[in-house]
Amino acid sequence: MVTEQSSAASGPGPAYSYTIGYALPPSKVESVIQPSLVSLAAERGMRLVAVDALRPLAEQGPLDLLIHKRYDKPWRAQLEAFSALHPSVPVVDPPAAILRLVDRLAMLDVVSELHPVAVNSAAGAPAAEYCLSVPNQVAVHDAAALASYGADQEDHPLGALRFPLIAKPLAVDGSAGSHAMSLVYRREGLREVQAPVVLQEFVNHGGVLFKVYVVGGRATCVRRRSLPDVPAERLLDLGQDASVPFANISNLPPTADSTAAPGGGADDKGGPICGDNDVEMPPACFVDEVSRGLRRALGLNLFNFDLIRATELDGDGRRRYFIIDINYFPGYAKMPGYETALTDFFSEMLRARPPVDDAHL
Ligand SMILES: Nc1ncnc2c1ncn2[C@@H]1O[C@H](COP(=O)(O)OP(=O)(O)OP(=O)(O)O)[C@@H](O)[C@H]1O
Ligand SMILES: O=P(O)(O)O[C@H]1[C@H](O)[C@@H](O)[C@H](OP(=O)(O)O)[C@@H](OP(=O)(O)O)[C@H]1O
Ligand SMILES: [Mg+2]
Ligand SMILES: [Mg+2]
């Protein structure tokens with residue numbers, strides 16, 4: 001039997017049945033642990049409590065569920081000891097699975113593990129196929145490898161890539177620097193690039209990006225601003241910069257009707273048409289299937305991914321989608337209805353616990 005929360009509040013105020021610990025960086029606490037989330041959780045009997053990762057977990061209980069965005073060694077050791085002592089308290093998510101997302105090359109490997117996605121465009125209509133992949137990319141670990149790439153060197157590892165390229169810092173470590181990128185139009189632009197870096201082919205996609213927030217089994221797709229398409233002439237224009245730096249493009253204010261997302265009419269491939277500027281959203285069933293596949297393959301419950309749709313169809317007339325980024329524990333407050341999504345998920349995790357009576361620290 002699961003014991004009731006021994007630290008339930010006494011006196012006036014909400015009666016808590018469960019305590020959910022969170023170990024998150026201060027910026028994430030500020031952006032996600034909003035009063036609206038705290039009060040909805042309280043209405044459902046859940047108290048959200050900050051856990052200090054630098055103090056022993058044993059001193060900070062009792063806990064019924066632990067969520068976190070940390071993967072340093074001492075924290076991993078703490079979690080292991082904690083789970084050994086309290087196997088029935090879910091820890092969301094496993095640090096080893098989160099670690100896969102701190103390397104921009106490794107994070108996208110998972111996409112090749114997904115099955116091809118075929119989506120029914122409408123009841124009875126033939127299935128429309130959506131081609132999903134990642135842009136061609138190469139990791140460069142040192143400056144010498146960048147410098148050694150000369151003209152007409154097709155046998156060089158970079159020779160397989162077609163300009164324009166996006167240069168992305170290889171490591172994702174939560175710093176502003178890990179989001180500092182550049183759009184490289186031609187080879188000379190690589191001189192400005194700092195290794196270690198991932199060089200990824202830029203895909204023209206109409207300047208709109210779809211950000212899909214996953215919370216357990218639920219996926220919510222929102223539309224964001226992205227980089228505009230690059231015309232072929234730009235690559236040959238020696239009068240313009242060979243590379244241009246940028247950062248945090250998808251957080252720029254929207255040009256029109258940003259939040260977009262679900263609902264609306266359907267296009268000829270079953271995709272809802274969205275909002276004011278008629279940018280078609282990816283079909284909900286496609287988004288759901290990809291999200292489910294990623295959740296399973298990554299072994300993660302709390303993440304988002306960035307999806308773009310190429311301006312050009314593929315040779316078989318299919319829509320071409322690319323996953324370009326996956327983020328652990330993203331800025332959920334930017335997702336409509338995130339309070340409900342997160343508290344529903346917490347409830348599910350609490351319900352799914354094994355029925356033992358050591359559920360607390
Ligand atoms: N291969 C690509 N083709 C076209 N545009 C791209 C590509 N890769 C990235 N972009 C654009 O650059 C932006 C930043 O890239 P990316 O999402 O990889 O960086 P990030 O800093 O990890 O973003 P986030 O803030 O979502 O973590 C994307 O939102 C998109 O607008
Ligand atoms: O803080 P780091 O580790 O750099 O990770 C960021 C992610 O890369 C972003 O994707 C998050 O923003 P979005 O939710 O808009 O994707 C962003 O969310 P935030 O707006 O809450 O900071 C961060 O999670
Ligand atoms: Mg991104
Ligand atoms: Mg990212």
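On a predicted model such as this, the values are computed, not experimentally measured, just so you know. (Residues numbered from 1 in each chain as written. Chains lettered and ligands numbered in written order. Predicted model: local features only at pLDDT ≥ 70, side-chain atom pairs only at ≥ 80, totals over all residues. Heavy atoms only, no water.)

**So, the sheet that holds strand E9 (residues 180-184)**
Stated formally: When DSSP finds two or more bridges between a pair of strands, those strands are recorded as paired. For helices the rule is a DSSP run of H or I covering at least 4 residues; for strands it is a run of E covering at least 2, with both sets numbered from the N terminus onward. Under this scheme, a helix contributes an axis fitted over its contacting stretch, all axes are lines through C-alpha atoms, and angles between N-to-C directions fall in the 0 to 180 degree range.
Ordered by their spatial adjacency, 5 strands build an open sheet running E7-E10-E8-E9-E13, and the pairing between neighbours is antiparallel. Only two strands of the sheet have a single neighbouring strand rather than two, namely strand E7 (137-140) and strand E13 (243-247). On average, each strand axis in the sheet is inclined to that of its neighbour by 25°, with strand direction left out of account. Bridging between E9 and E13 involves 5 bridges; their strand directions are antiparallel. In the sheet register, Leu-183 faces E13, and the bridge partner there is Val-244.

**Quick word on the coordination of the magnesium ion (ligand 3)**
What counts, and what does not: The rule for donors is simple: N, O or S, within 2.8 Å of the metal, or within 3.2 Å if the metal is Na, K or Ca. Water isn't counted, so a site may look like it is missing partners. Only protein chains enter the area calculation, which uses a 1.4 Å probe; residues under 20% of their type maximum are buried, those over 50% are exposed, and those in between are partly exposed.
At the metal site, the magnesium ion (ligand 3) is ligated by Asp-306 (OD) and Asp-325 (OD), and these contacts range over 2.0 to 2.2 Å. A separation of 3.8 Å is found between the magnesium ion (ligand 3) and the magnesium ion (ligand 4), both of which receive a donor from Asp-325. One end of the pair, Asp-306, is in strand E14 (residues 302-309); the other, Asp-325, is in strand E15 (residues 319-328), with 19 residues separating them in the sequence. Exposure remark for Asp-306: the relative accessible area of 5% places this residue in the buried category.

**With respect to the site of ligand 2**
Quick note on the threshold: Here a residue counts as near a molecule or strand whenever at least one of its heavy atoms sits within 4 Å of it. Two N or O atoms form a polar contact when they lie within 3.5 Å of each other; inside protein one atom must be a possible hydrogen donor and the other a possible acceptor, and for residues adjacent in sequence the pair counts only when both atoms belong to side chains. Each accessible area value is a Shrake-Rupley result obtained with a 1.4 Å probe; residue values ignore everything except the protein chains displayed when judging cover. Only protein atoms enter the 1 Å grid used here, on which a cavity is any set of points holding a 1.4 Å probe that cannot leave and a pocket is any open set flanked by protein within 12 Å on both sides along at least five of seven lines; residues with an atom within 4 Å of a point are listed as lining. In this description, a molecule resides in a pocket or cavity if more than half of its atoms sit within 2 Å of the grid points defining it. Three residue categories are used. Nonpolar comprises Ala, Val, Leu, Ile, Met, Phe, Trp, Tyr, Cys and Pro, charged comprises Asp, Glu, Lys and Arg, and polar comprises the others, including Gly. Domain delimitation follows an automatic or database domain assignment.
Neighbouring residues of ligand 2: 15 residues in total, closest Lys-28, His-179, Lys-211, Tyr-213 and Lys-334. A distance of 2.8 Å separates an oxygen atom of ligand 2 from a polar side-chain atom of Tyr-213. Burial of ligand 2 by the protein chains amounts to 83% of its free accessible area of 510 Å². More than half of the atoms belonging to ligand 2 lie within 2 Å of the grid points that define the largest pocket. Every element with two or more residues in the shell around ligand 2 is listed here: helix H1 (26-32) and strand E11 (208-215). Considering only residue class, the shell around ligand 2 consists of 3 nonpolar, 7 polar and 5 charged. The residues that make up the shell around ligand 2 include at least three from each of domain 1 (18-93 + 345-352) and domain 2 (109-120 + 127-255 + 278-328).

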